[in-house]
Amino acid sequence: MGKLFIIIGIIFLMIGLVWNFIGRLPGDIQFKVGNVQVHFPIVTSIVVSIILTIVLSFFARFLK
């Protein structure tokens, strides 16, 4: 069980590092009014969704 948590933690760490690099793509909406800043990562979410779809479909073909 401990090894599973370590693996999940490493996966989340890698996702966080990658998210810092692609987290501000052109097309993301950002508002700043006074001290309030709101960021809607629309294009980033689409890119991540496409990548996950490709990766998961790749694994699904080999696990059948």
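What you see is a predicted model; the values in this text were computed from it and never measured.

So what's going on with the side chain of Thr44? Which residues, and what values?
The topology assignment puts Thr44 in helix 2 (residues 42–63). Note on Thr44: relative accessible area 0%, which makes it buried.

Which residues make up a nonpolar patch on the surface, and what values go with them?
On the surface, Ile29, Phe31, Val36, Val38, Phe40, Ile42, Ile46, Ile50 and Ile54 cluster together into a nonpolar patch covering about 790 Å² of accessible area. If you tally residues by element for the nonpolar patch, the top one is helix 2, at four residues.

Give a detailed account of the pairing of strand 1 (residues 29–33), specifying residues and quantitative values.
With five bridges joining them, strand 1 and strand 2 (residues 36–40) adopt antiparallel strand pairing. The residue bridging Val33 from the neighbouring strand is Val36, located in strand 2.

Rules and cut-offs
Residues numbered from 1 in each chain as written. Predicted model: local features only at pLDDT ≥ 70, side-chain atom pairs only at ≥ 80, totals over all residues. Heavy atoms only, no water. Helix = DSSP H or I, 4+ residues; strand = E, 2+ residues; numbered from the N terminus. Buried < 20%, exposed > 50% of the residue type's maximum accessible area, 1.4 Å probe, protein only. Patch = residues over 30% accessible without salt bridge, like charges linked within 9 Å, V, L, I, M, F, W, Y side chains within 5 Å. Areas by Shrake-Rupley, 256 points an atom, 1.4 Å probe, with all protein chains shown as cover. Salt bridge = Lys/Arg side-chain N within 4 Å of Asp/Glu carboxyl O. Pairing = 2+ DSSP bridges.

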